[in-house]
Amino acid sequence: MTSTMSRIDRIRPRLSEANVDALLITELHNRRYASGFSGSNGWLVIPADDARAPILATDFRYLEQAAQESPEFEVVQMKGEMQKWWDELARPLGRIRLGFESADLTVSAHKRLRDVNAKIPASQRPALVQTANIVESIRAVKDDAELALLRRAAQLTDDAFAHATSAVEAGWTESRVSWEIEQYARGHGAEAMAFESIVAAGPWGARPHARPRDEAIEMGEPIVIDMGARFSGYCADMTRTIVLGEHDEQFPRIYDIVLAAHETAAQMIEPGMSGKDADQLARQVITDAGYGEQFGHGLGHGVGLQIHETPHLGVTSKDTLEPGMVITIEPGIYLSDWGGVRIEDMGLLDEQGFHSFTGTPKLRMLA
Ligand code: ZN
Ligand code: ZN
């Protein structure tokens, strides 16, 4: 309760900066973040003026849940035609500048909204104003309640990985490993996986987003396992690369470069840095080793209610890292005839640097 109120208090000053009097929140995760409401349908109106109560509009299926989950919101019902309930919702707002989330509303939803709004007399209706990234940028910096849930999701991820990798043998299919992970995570409190696990052996692992196949895993091939549990809405994200039995000669060489890139970034990354410079920390190590071209994705991303959130850490990033962000560090090298190595931790960035939530040990070579 207190946490959603303080979230609204963080949103309000940003509205004046965006030159709107209130924000219409339609995006699912932003809605849950700002209100605590976990139903699948609903819009919020957050007035910049803290004397005015925020509004949660939803349909009759969710009225009770909305009142329970979002006690500081005025709950109104979306009933019947949109024209009717929009009129009831919007007219009392009066002639204000009402921001909408341009990244969420589809072109047709926006047209519909504009049309119903235009039926309200001009002197009594809000002006619809395009906004971008207001709640997303606030969500990038996590509060204590969120950090606790993210740690829990990471812990479940560690446990599911330990369970599946202690059971796996040569001859298992990638899909079976993926299912073993999911079964364990869900059996121990995860509401779902944050995304479909990647279990990619041998050359298949050269595709960073490979889907698990019904192919048997063989001894000696690198296996990329990228997975994360979701707990109470919050996602975890981790990658480890393992080998069953004896690895080939190439593996320790590639693995050590990726590990060095990972550790360099984890040790050097700090608030105030750009997402581009953070990426460069790891990219330089891989480039110096001669594999720059084989690290074809960004260093990492924010994680929270969504698996990929602000900030982006990569060569094209315009984001600046701030204390309180939860990010991944996940360099990789991918060789098409051989396979891939990726090592990914998720953790908190604060004034002291990066603190991993991921507890799963990393393979160490004896070379
Ligand atoms: Zn991942
Ligand atoms: Zn990731």
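This is a predicted model, so every value here is computed, not measured.

Caption draft 1: Seen up close, the sheet that holds strand 5 (residues 97-101). Strands sit in the order 4-3-2-1-5-6 across an open sheet of six strands; the sheet is mixed. At either end of the open sheet lies a strand with only one pairing partner, and these are strand 4 (74-77) and strand 6 (127-131). Sheet twist, expressed as the average angle between the axes of neighbouring strands with direction ignored, equals 25 degrees. On the sheet, helix 2 (residues 28-35) packs against strand 1 (22-25), strand 2 (43-47) and strand 5 and is oriented at approximately 55 degrees with respect to strand 2. Running at roughly 155 degrees to strand 6, helix 5 (residues 107-118) makes contact with strand 1, strand 2, strand 5 and strand 6 of the sheet.

Caption draft 2: Region of interest: the coordination of the zinc ion (ligand 2). Every protein donor of the zinc ion (ligand 2) is listed here as D237 (OD), H301 (NE2), E330 (OE) and E344 (OE), and their distances to the metal cover 2.0 to 2.1 Å. Coordination geometry of the zinc ion (ligand 2): the four donor atoms subtend angles of 78 to 151 degrees at the metal centre, consistent with an arrangement described as irregular. Mapped onto the polypeptide sequence, the residues donating to the zinc ion (ligand 2) form the spacing pattern D-x63-H-x28-E-x13-E. Here the zinc ion (ligand 1) and the zinc ion (ligand 2) are spaced 3.1 Å from one another, each receiving a donor from D237. You can see D237 sitting in the loop between strand 11 (234-235) and strand 12 (238-243) and its partner E330 sitting in the loop between strand 15 (325-329) and strand 16 (332-335), a full 93 residues away along the chain.

Caption draft 3: Structural context of the coordination of the zinc ion (ligand 1). Protein coordination of the zinc ion (ligand 1) is provided by D226 (OD), D226 (OD), D237 (OD) and E344 (OE), with donor distances spanning 2.0 to 2.6 Å. We note that the donor set of the zinc ion (ligand 1) lies within a single chain, spaced as D-x10-D-x106-E. Assessed through its relative accessible area of 5%, D226 is described here as buried.

Caption draft 4: Representation of the packing of aromatic side chains in the model. Scanning the model with the defined rule gives five aromatic pairs in all. Taking 5.7 Å as the distance between ring centres and 80 degrees as the angle between the ring planes, the aromatic pair formed by W43 and W85 counts as edge-to-face. Taken as a pair, W43 in strand 2 and W85 in helix 4 (residues 82-90) lie far apart in primary sequence, 42 residues in all. The residues W43 and W85 share a single accessibility class, namely buried. Pairing F251 with W338 gives two aromatic rings, centres 6.3 Å apart and planes at 45 degrees, and the pair type is tilted. Linking F251 in helix 9 (residues 250-268) with W338 in the loop between strand 16 and strand 17 (339-342), this pair joins segments that are 87 residues apart in sequence. Members of the aromatic cluster, connected to one another through ring pairs, are W43, W85 and W86. R176 extends its terminal NZ or CZ atom over the ring of W172, reaching a point 3.7 Å from the ring centre.

Caption draft 5: Focus on the pattern of salt bridges. Inspection of every chain in the model, using the stated rule, returns 18 salt bridges. Linking D345 and K362 is a salt bridge whose minimum nitrogen-to-oxygen distance equals 2.8 Å. Highlighted residues: D345 in strand 18 (residues 345-350) and K362 in the segment after strand 19 (353-356), separated in sequence by 17 residues. Here D345 and K362 have matching classes, each one buried. Among the charged side chains, a network of salt bridges with common partners joins E27, R139, K142 and E309.

Caption draft 6: Representation of the sheet that holds strand 8 (residues 198-201). The strand order across the open sheet built from three strands is 8-9-12, with neighbouring strands paired in antiparallel fashion. The sheet is open, and its two edges are formed by strand 8 and strand 12, each paired on a single side. Neighbour-to-neighbour, the strand axes of this sheet turn through a mean angle of 15 degrees, independent of strand direction. Sheet topology note: the strand 9 (residues 222-227)/strand 12 ladder contains six bridges and is antiparallel. Considered in strand 12, the bridge of I225 is made with R240. Contacts from helix 7 (residues 144-167) reach strand 9 and strand 12 within the one sheet, and its direction differs from that of strand 12 by about 15 degrees.

Caption draft 7: Main features of the pairing of strand 5. Judged by how many residues are buried, strand 5 sits mostly within the fold: four of five residues are covered. In this sheet, strand 5 lies alongside strand 1 in parallel orientation, the contact comprising three bridges. In the strand pairing of strand 5, L24 is matched with F100. Both strand 5 and strand 6 contribute to a ladder of five bridges, which runs parallel. Opposite R97, over in strand 6, you have A127 as the bridge partner. Following the chain from strand 5 across helix 5 to the adjacent parallel strand 6, one finds a crossover that is right-handed.

So, how was this worked out
Residues numbered from 1 in each chain as written. Chains lettered and ligands numbered in written order. Predicted model: local features only at pLDDT ≥ 70, side-chain atom pairs only at ≥ 80, totals over all residues. Heavy atoms only, no water. Pairing = 2+ DSSP bridges. Helix = DSSP H or I, 4+ residues; strand = E, 2+ residues; numbered from the N terminus. Axes fitted to C-alpha atoms, helices over the stretch in contact; angles between N-to-C directions. Contact = heavy atoms within 4.5 Å. Donors = N, O, S within 2.8 Å, 3.2 Å for Na, K, Ca; no water. Tetrahedral: all angles 85-135°; square planar, octahedral: opposite > 155°, others 65-115°. Buried < 20%, exposed > 50% of the residue type's maximum accessible area, 1.4 Å probe, protein only. Phe/Tyr/Trp six-rings, centres within 6.5 Å; stacked < 30°, edge-to-face > 60°. Lys NZ or Arg CZ within 6 Å of the ring centre and 35° of its normal. Salt bridge = Lys/Arg side-chain N within 4 Å of Asp/Glu carboxyl O. Right-handed = clockwise from strand over helix to strand, strands pointing away.

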